[in-house]
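Overview (structure and organization)
Residues per chain are reported as follows:
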Amino acid sequence: MSEPKQAEPTTEIDTALLDAELFVKYHAPERAIKRLRTALDRSPRSIPLRERLREVAASHKHLDEAARQALALASLYIEREDYDTAHDRLLEAKQLDPRINIAAGLEAIRRARRPDLSPGTQTPDQRSEAAQFTLAGDLTAISVFDAIQVIENARLTGTLTLIAGAQDGQVLFNEGGIVDADCEGVQGEPGFRRIVEITSGRFEFQKSTNGYAVNIQAASNTNLILDSLRHLDEAKDRKP
């Protein structure tokens, strides 16, 4: 009696994944990456393809490719409301390539998790006041995450002030890293969690020649932001 035949791959995605496995097995990672990219051209929303390409690229020192795939995967997971995995992929993208701006992904997670925090509008008077500062802007157009990214990339020391009327706050930076926060008298990480909820008003950044005492100790600004968003989501779920 003959052995039963194994099932053949049923889709082009399955075929591409199998081909990639064989290329990796026989020490041809470049061909595996090329094969997966070709398949992604036809199926750009395939999570299995992007996940495998991310893994192969990261394990064979193609860090730019791995970072791009992690960022793309974060968007796909946000669409599926899998925010924990989106959180992990955003963090990985930033770790793989610190140049990547993940502010849009952070904002997408915040809006998806907290749709009640919708941006408002700003008056002409507010915009003219903001123009007096070297780094300033409208939070309805530039999110707090974008502002933090700029300060981090420039390795600035100083104070980011958010003026939102009902809820104002400050974030302190040492060479681009967040070291403290204050929102209506609530300091440290609890204060920062309140700050990430601010979506309207304006922000102003003033540089300082002196550093600040460290009251927030986080592995990175990205870790702090993602942990804060997760905490807010969990707090919302606990509400009756």
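See the structure printed just above.
Residues numbered from 1 in each chain as written. Predicted model: local features only at pLDDT ≥ 70, side-chain atom pairs only at ≥ 80, totals over all residues. Heavy atoms only, no water.

Observations concerning the pattern of salt bridges
One pass over the structure, following the stated rule, counts 15 salt bridges. Among the ionic pairs, D19 bridges to R35, the shortest N-O distance being 2.9 Å. Taken together, the residues D19 in helix 1 (residues 12–25) and R35 in helix 2 (residues 29–42) connect sequence positions 16 residues apart. Take D19: its relative accessible area is 25%, and that puts it in the partly exposed class. Take R35: its relative accessible area is 19%, and that puts it in the buried class. E55 is the partner of R52 in a salt bridge, and the nearest nitrogen-oxygen pair spans 2.9 Å. With R52 and E55 both in helix 3 (residues 47–59) and three residues apart, the pair spans about one turn of that helix. For E55, a relative accessible area of 35% puts it in the partly exposed group. In the salt-bridge network here, residues are joined through shared partners; they are E21, E51, R52, R54, E55, R89 and E92. (Salt bridge = Lys/Arg side-chain N within 4 Å of Asp/Glu carboxyl O. Helix = DSSP H or I, 4+ residues; strand = E, 2+ residues; numbered from the N terminus. Buried < 20%, exposed > 50% of the residue type's maximum accessible area, 1.4 Å probe, protein only.)

Some remarks on the nonpolar core
Membership of the largest hydrophobic core comes to 47 residues, with the highest contact counts inside it found for L160 and F192. Ranked by residues supplied to this core, first place goes to helix 4 (residues 63–79) with eight residues. Every residue in contact with F192, bar those within four places of it in the chain, is listed here: I148, V171, I178, A181, I216, L224, I225 and S228. Residues F23, A39, L49 and V56 belong to the second largest nonpolar core, which totals 13 residues. (Core = buried A, V, L, I, M, F, W, Y, C linked by side-chain atoms within 4.5 Å. Contact = heavy atoms within 4.5 Å.)

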